[in-house]
There are 2 protein chains.
Amino acid sequence: MQMIEIERKFLVISDAYKKEAITTTKIAQGYLSKHPERNVRIRIRGEKAYITVKGASNTTGTSRFEWEKEIDIEEGKSLLSLCERPIIDKYRYEIKSGNHLFEVDEFLDENQGLVIAEVELTHEDETFIKPDWLGEEVTGDTRYYNSQLTNVPFSKWV
Amino acid sequence: MQMIEIERKFLVISDAYKKEAITTTKIAQGYLSKHPERNVRIRIRGEKAYITVKGASNTTGTSRFEWEKEIDIEEGKSLLSLCERPIIDKYRYEIKSGNHLFEVDEFLDENQGLVIAEVELTHEDETFIKPDWLGEEVTGDTRYYNSQLTNVPFSKWV
């Protein structure tokens, strides 16, 4: 699957989102390349595995080329073992807000304490219903890229 | 497909291999990551496209983790456009030698003049019939890695 991904990213200011979640899944992911113009990610999500390639973001950070393909779970685990350390572990919660789906990531381990919500949009100026637990927007702030959280985890931020 | 690849690599000293070739295919390939421990390649081979991940080599350079998956040709072309420049273009010839298949790569553009033969083996000390056109062994010489030929092409060697 190949597409241009348009999304906005926010901090989460309370754990009220957990009560509204329609799904909760454990995710482990690592990077074969963290280059911002040709990022290559291996993700194990529940019992499924994926390889994902992302291109450079546009200047506002909302839009990015993305290609993703499901792969065999055992092959995914082998590929994850090749990835740069550390591996990112997180829980992902899916929450409906009007016609939109928010994905909230609760990070674990070295990124414990960090909770980020993302909403995918069909065009850049699309409006959506803002949930009560949604905080400051961090779209385009590269510190919050998952690939950067393996370089400088949240627990090390000053 | 996931496997440990065992192969030996040689220079080619005449173009006699062309007469023995059972197939000839144009290949274009680029790299999303050239890291030797987590190399990610996009290859267009004829009308098919592949994504390939290779791990680190063993100390002799003969054996390497390799994972490959065929992908949609149009998606492959999009991914190739994300790769680091330059893209490697070459012709690949397949030549039988006894029970073994040699793959001979005739490089184009900046690597014009370089011709490399590879034979895949099932174990490291397996013997094979040496064709007349086979020259010096270069197994494990990283200068001949395709990923390195995009950094320092053959035409720039001194």
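Residues numbered from 1 in each chain as written. Chains lettered and ligands numbered in written order. Predicted model: local features only at pLDDT ≥ 70, side-chain atom pairs only at ≥ 80, totals over all residues. Heavy atoms only, no water.

Novice: Any chance you could explain helix H2 (residues 73–82) of chain A here in plain terms?
Specialist: The element H2 of chain A is largely enclosed, with a buried count of seven among its ten residues. The N-terminus of H2 of chain A is capped by aspartate 72 of chain A, whose side-chain oxygen sits 3.0 Å from the backbone nitrogen of glutamate 74 of chain A. (Buried < 20%, exposed > 50% of the residue type's maximum accessible area, 1.4 Å probe, protein only. Helix = DSSP H or I, 4+ residues; strand = E, 2+ residues; numbered from the N terminus. Polar contact = N/O pair within 3.5 Å; in protein donor to acceptor, adjacent residues only side chain to side chain.)

Novice: Explain the UniProt feature "domain: CYTH" (unreviewed entry) in chain A to me, please; I cannot follow it from the model alone.
Specialist: Residues annotated in UniProt with the feature "domain: CYTH" (unreviewed entry) correspond here to residues 3–151 of chain A. Between the end C-alpha atoms of residues 3–151 of chain A there is a gap of 27 Å, over a span that is 13% helix and 50% strand. (UniProt positions renumbered as here; feature names shortened; annotations may be inferred.)

Novice: Could you clarify how one ought to interpret the UniProt feature "active site" (unreviewed entry) in chain A in this entry?
Specialist: The residues that UniProt annotates with the feature "active site" (unreviewed entry) are Tyr31 of chain A. With respect to the helices and strands, tyrosine 31 of chain A occurs in strand S2 (residues 23–33). When sequence neighbours within four positions are dropped, the list of residues in contact with tyrosine 31 of chain A reads Asn39, Val40, Arg41, Cys83, Glu84, Asn146, Ser147 and Thr150 of chain A together with Arg38 of chain B. (Contact = heavy atoms within 4.5 Å.)

Novice: Looking at this structure, how should I read the interface of chain B and chain A?
Specialist: The figure often quoted for interface size is the accessible area lost as the parts come together. Of the residues lining the interface, 24 residues belong to chain B; the matching set on chain A comes to 24 residues. With both sides pooled, the region where chain B packs onto chain A buries about 1900 Å², and carbon together with sulfur makes up 67% of that total. For the pair chain B and chain A, the number of links is zero salt bridges. Where chain B meets chain A, there are four residue pairs in polar contact (both at pLDDT 80 or more). (Buried area = accessible area lost by both parts, 1.4 Å probe. Salt bridge = Lys/Arg side-chain N within 4 Å of Asp/Glu carboxyl O.)

Novice: Where do I start with the layout of surface pockets in this structure?
Specialist: Leftover empty space is mapped by rolling, across the atoms, a probe with the size of a water molecule. In this structure, the largest pocket spans a volume of roughly 760 Å³. Taken together, 41 residues form the lining of the largest pocket, with Glu5, Glu7, Lys54, Glu66 and Glu118 of chain A sitting closest to its centre. When the residues that make up the lining of the largest pocket are grouped by side-chain class, the tally is ten nonpolar, twelve polar and 19 charged. Volume-wise, the second largest pocket comes out at about 600 Å³. What lines the second largest pocket is a set of 34 residues, and nearest its centre among them are Glu5, Glu7, Lys54, Glu66 and Glu118 of chain B. (1 Å grid on protein atoms, 1.4 Å probe; cavity = no way out; pocket = protein on both sides within 12 Å on 5 of 7 lines; lining within 4 Å. Points joined across faces, edges and corners; volume = space filled by probe spheres on them. Nonpolar A, V, L, I, M, F, W, Y, C, P; charged D, E, K, R; others polar.)

Novice: Honestly, the pattern of salt bridges in this entry has me stumped. Any pointers?
Specialist: Oppositely charged side chains can pair when the atoms bearing their charge come close. Residues and elements named next belong to chain A. Enumeration according to the criterion identifies 28 salt bridges over all chains in this entry. The residue aspartate 105 makes a salt bridge to arginine 92 at a minimum N-O spacing of 2.8 Å. Of this pair, aspartate 105 sits in strand S7 (residues 100–107) while arginine 92 sits in strand S6 (residues 88–97); the two residues are 13 residues apart in sequence, bridging distant segments of the chain. Residues aspartate 105 and arginine 92 agree in their burial class; the two are buried. The closest approach of N and O atoms between arginine 143 and aspartate 141, which form a salt bridge, is 3.0 Å. The exposure class of arginine 143 is partly exposed, given its relative accessible area of 45%. Counted as one network, the salt bridges with shared partners bring together Lys90, Arg92, Glu103 and Asp105.

Novice: What should I look at first to understand the relation of the copies chain B and chain A in this one?
Specialist: Two chain copies here: they are related by a rotation about an axis and a translation along the same axis. At an RMSD of 0.0 Å, chain B and chain A line up after a rotation of 180° and a shift of 0.0 Å along the axis. Interpreted geometrically, this transformation is the action of a two-fold axis. Rotation axis and chain B: the residue whose C-alpha lies nearest the axis is serine 33 of chain B, separated from it by 2.9 Å. Both copies present the same face, since 100% of the interface residues in chain B are matched by interface residues at the equivalent positions in chain A. (Least-squares fit on C-alpha atoms with pLDDT ≥ 70 in both.)

Novice: Any chance you could explain the pairing of S6 of chain A here in plain terms?
Specialist: All names here are of chain A. Across the ten residues that make up S6, a large majority, seven, are buried. Pairing analysis gives seven bridges linking S2 to S6, with the strands arranged antiparallel. When the sheet's bridge partners are listed, alanine 28 is paired in S6 with aspartate 89. Here S6 pairs with S7 via eight bridges, running antiparallel. Paired with arginine 92 across the two strands is aspartate 105, which belongs to S7. (Pairing = 2+ DSSP bridges.)

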